[in-house]
Amino acid sequence: MAAQLDAYAPGARVRVVGLVKAARHNGTLGTIQKEPAPEGRVAVALDGSGKTIAVKKENLEVVQPPPKDAPKTLARHHQLLAEFDGSRDPETLALYYHVRDKAFDAYDAAEYNAQMLRYYAAGITCVAVAPRRIRGNEYLLVCLRYEDLDRNSLCELGFQCMRSFCGVCILVKRRCFVCGRPGAPTYAAVCCFCPGCETRGLETF
């Protein structure tokens, strides 16, 4: 019983699963903020958005951290990119790899923009944007790198996208960040807006 309680202790990493009314959060990683409430709900701060939601224990999977001395091995997961490409949910605009949890997750437009600003503030800069295609659909593989080159390691997502890159990668759907129209022009190399959405998009993002 004690081990089960510890699994939901503050700071534990979890994945949201099985929600019906808020299914958009399923698969999202987060961090438990405080001890479970008496009725059994757990406060979880979601990655990317920072939003905190109250979730029943049965809708949480505890994410076990990998051993510190575990060797880094890469394997291609073709189904992962197929599922990402098949989703038209605006909350799956950009795919990234969460290094700490060894898991993939997605951003919506606002979360992607916020994460890029955090990267820039931390001295992580965009060094390349590589075009990619999945089943005919256009993508941008945004490649970022730490100024301290020793902090850059082989990127798991870059590997999945057939690019050997040391640093951080985000795979972005080439869709308008405002209206979702495919094939929108790129701005500043890392975001996309239709001509009619350009002004609103640049003000928002």
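Provided above is the structure to which this section pertains.
Here's a quick rundown of the structure. Predicted, not measured: the structure shown is a model, and the values here were computed from it. (Residues numbered from 1 in each chain as written. Predicted model: local features only at pLDDT ≥ 70, side-chain atom pairs only at ≥ 80, totals over all residues. Heavy atoms only, no water.)

1. Here we look at the sheet that holds strand E10 (residues 168-173)
Strand order across the open sheet formed by five strands is E7-E6-E10-E9-E8, with antiparallel pairing between neighbours. Of all the strands in the sheet, just strand E7 (103-107) and strand E8 (124-134) have a single pairing partner and so form its edges. Recorded for the sheet is a direction-independent mean angle of 25° between the axes of neighbouring strands. Sheet analysis places E8 next to strand E9 (residues 137-146), joined by ten bridges and oriented antiparallel. (Pairing = 2+ DSSP bridges. Helix = DSSP H or I, 4+ residues; strand = E, 2+ residues; numbered from the N terminus. Axes fitted to C-alpha atoms, helices over the stretch in contact; angles between N-to-C directions.)

2. A short note on the packing of aromatic side chains
Under the defined criterion, the tally for this structure stands at six aromatic pairs. Centroid distance Phe-84 to Tyr-139: 5.8 Å. Interplanar angle 40°. Geometry classified as tilted. Of this pair, Phe-84 sits in helix H2 (residues 78-86) while Tyr-139 sits in strand E9, and the two are 55 residues apart along the sequence. Residue classification places Phe-84 among the buried positions, given a relative accessible area of 6%. Using a relative accessible area of 3% as the deciding quantity, one classes Tyr-139 as buried. Ring centres 5.7 Å apart and planes at 80° place the aromatic pair Tyr-112 and Phe-177 in the edge-to-face group. Of this pair, Tyr-112 sits in helix H3 (residues 109-121) while Phe-177 sits in the loop between E10 and strand E11 (186-187), and the two are 65 residues apart along the sequence. Of the two residues, Tyr-112 and Phe-177, neither departs from the other in class, the shared state being buried. Put simply, the rings of Tyr-112, Phe-177, Tyr-187 and Phe-193 touch in pairs and so form one group of aromatic residues. A cation over a ring is seen here: Lys-173 above Phe-84, with NZ or CZ 4.6 Å from the ring centre. (Phe/Tyr/Trp six-rings, centres within 6.5 Å; stacked < 30°, edge-to-face > 60°. Buried < 20%, exposed > 50% of the residue type's maximum accessible area, 1.4 Å probe, protein only. Lys NZ or Arg CZ within 6 Å of the ring centre and 35° of its normal.)

3. Details of H2
Within H2 the residues assigned to the buried category are Leu-80, Leu-81, Phe-84 and Asp-85. Looking straight down H2, one finds that the buried residues subtend no more than 125° of arc, so they occupy a single side. Those residues of H2 that are exposed and aimed more than 90 degrees away from the buried face are His-78, Gln-79 and Glu-83. Packing partners of the buried residues in H2 comprise strand E6 (94-98), E7, E8, E9, helix H4 (156-160) and E10. (Arc of directions from axis to C-beta. Contact = heavy atoms within 4.5 Å.)

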